[in-house]
Structures are given as C-alpha cells and as structure tokens.
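Observations on chain architecture
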Amino acid sequence: MSLKDFIQRVSHLLFSTECNISAKFRFTQSEINEILSNANKDNIKYFESLAKIKELSAFDVSYLMASVKLDENKISIISSACKMFDEKEFCALGQTFSDFIFRVSANINLLNESNLDIFKELVQCKNELYDFSKALKNPQKAKHRSHTNKCAYAFENVFVQ
C-alpha cells in the first residue's frame, strides 16, 4: 500500500458518516445499523425521537420501529408510558421493562394520556394478556366489572365402588 492510498483511505474513513455520529449518542454504530435495517421505512424519521427516550434500550427501539406505525402522538404516549414504569412495582411481579414496552406497542392505537393510568393497572395484573382493547375502549366498565367464578367439572358422572 502506497502512502497516497493510505492517506486517501484514512481521510475517507474520517469523513464518512460513521465517524460523524455524535459522541453523546447512546447506541453503537452496529446497533444503529441493525435498528435502521429492521425498521419500517415510514418510521425512520422517528428514530431520533425514540432514541432520546433514555429508558428505551436498543432492542426496545428496534422493536417499536419495526412493529408500530409511529407518529408524534404515539411517540409522546410511549414517552409518558416509559415515565410511568416503576421498576420496583413491575419487577416484583416478574415483568421487565421490555414486557411493558411490548404491551404498550400492542395497545398503542387505543392509548392516550387520559387512559394511561388504567393501562398501568392492567399491565400490573399478573397475566399473559397483551391486548387490552376491550378495557381501554370502555375504561369505566372494565374498572368496575365484577367477576364471578362458576364451578365446572371435567366429568359428568362419578362412580364410587
């Protein structure tokens, strides 16, 4: 390799887009490349807004950009939901922050600033349900709903000897 080739190669690397990334950015270049390669093309413009939410990991941002059709309102809801997450409350129930984000993304079209408290209560229930559409459409009915347990048997007749 000649000196001229070496200098050209170094100058090319110095001025490439990889070297121009802000040093205060939270994600590595490989994480950014992976996030953007998996993201929905319409969501790429929201990458910086999601990256500013400090609670979100690279995995969470990647998941949101790939699975949710984002807009400014949804970014605001995600930000508010992230601030609601209390690690002590949720981890005691065995739920991680990523579980919380999965539930937010599953219900993002029904969430707004007024029903986030009800959503938090629903998420804190120990269940495997991710879609809270019925409860979020009519929160007062879901909040005051009484549950009845009916006994059911797996067999009809019991024979005793």
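Above this text sits the structure in question.
Below you will find a few notes about this structure.

So, how was this worked out
Residues numbered from 1 in each chain as written. Predicted model: local features only at pLDDT ≥ 70, side-chain atom pairs only at ≥ 80, totals over all residues. Heavy atoms only, no water. Salt bridge = Lys/Arg side-chain N within 4 Å of Asp/Glu carboxyl O. Patch = residues over 30% accessible without salt bridge, like charges linked within 9 Å, V, L, I, M, F, W, Y side chains within 5 Å. Areas by Shrake-Rupley, 256 points an atom, 1.4 Å probe, with all protein chains shown as cover. Helix = DSSP H or I, 4+ residues; strand = E, 2+ residues; numbered from the N terminus. Axes fitted to C-alpha atoms, helices over the stretch in contact; angles between N-to-C directions. Left-handed = near helix turned anticlockwise from the far one by under 90°. Contact = heavy atoms within 4.5 Å. Nonpolar A, V, L, I, M, F, W, Y, C, P; charged D, E, K, R; others polar. Phe/Tyr/Trp six-rings, centres within 6.5 Å; stacked < 30°, edge-to-face > 60°. Core = buried A, V, L, I, M, F, W, Y, C linked by side-chain atoms within 4.5 Å. Buried < 20%, exposed > 50% of the residue type's maximum accessible area, 1.4 Å probe, protein only. Polar contact = N/O pair within 3.5 Å; in protein donor to acceptor, adjacent residues only side chain to side chain. Parallel < 35°, antiparallel > 145°, perpendicular 65-115°, else oblique.

**A look at the pattern of salt bridges**
Applying the stated criterion across every chain, the model contains one salt bridge. Between K52 and E48 there is a salt bridge, with the nearest N and O atoms lying 4.0 Å from each other.

**Focus: a nonpolar patch on the surface**
Where nonpolar side chains cluster on the molecular surface, the patch consists of L3, F6, I7 and V10 and spans about 390 Å² of accessible area. Examined against the element boundaries, V10 turns out to sit in helix 1 (residues 3–14).

**Observations regarding the packing of helix 5 (residues 72–84) against helix 7 (residues 97–106)**
Direction vectors running N to C along helix 5 and helix 7 enclose 145°, while the axes themselves pass 11 Å from each other. In the packing of helix 5 onto helix 7, the handedness of the crossing is right-handed. In this structure, helix 5 uses I78, A81 and C82 to contact helix 7, whose residues at the interface are F97, F100, I101 and V104. For the contact of helix 5 with helix 7, the class distribution of residues is seven nonpolar, no polar and no charged.

**Concerning the packing of aromatic side chains**
Applying the stated rule across the entire model yields seven aromatic pairs. Taking the centre distance of 5.3 Å and the plane angle of 45° together, the rings of F85 and F100 count as tilted. Here the residue F85 occupies a position in the loop between helix 5 and helix 6 (87–91), and F100 occupies one in helix 7, the gap between them amounting to 15 residues.

**Quick word on the nonpolar core**
Ranked by size, the top nonpolar core spans 33 residues in total, and within it L50, L56, I78 and F100 carry the most contacts. Of all the secondary-structure elements, those providing two or more residues to this core are helix 2 (29–38), helix 3 (47–51), helix 4 (58–67), helix 5, helix 7 and helix 8 (116–124). If we ignore the near neighbours within four places in the chain, the residues touching I78 are L50, I53, L56, L64, L70, V104 and I108.

**Re the side chain of N43**
Residue placement: N43 occurs in the loop between helix 2 and helix 3. Judged by relative accessible area, N43 falls into the buried class, the value being 0%. At 2.9 Å, the side chain of N43 forms a polar contact with the backbone oxygen of M65. Here the side chain of N43 touches V68 through a polar contact of 2.5 Å, landing on its backbone oxygen. What N43 contacts, discounting residues up to four positions off in sequence, is L64, M65, V68, K69 and L70.

**Description of the packing of helix 7 against helix 8**
For the pair helix 7 and helix 8, interaxial distance at closest approach is 11 Å and the crossing angle is 125°. Here helix 7 is positioned oblique relative to helix 8, judged by the angle of their axes. Crossing of helix 7 against helix 8: the hand is right-handed. Facing helix 7, whose interface residues are F100, R103 and V104, helix 8 presents F119, L122 and V123.

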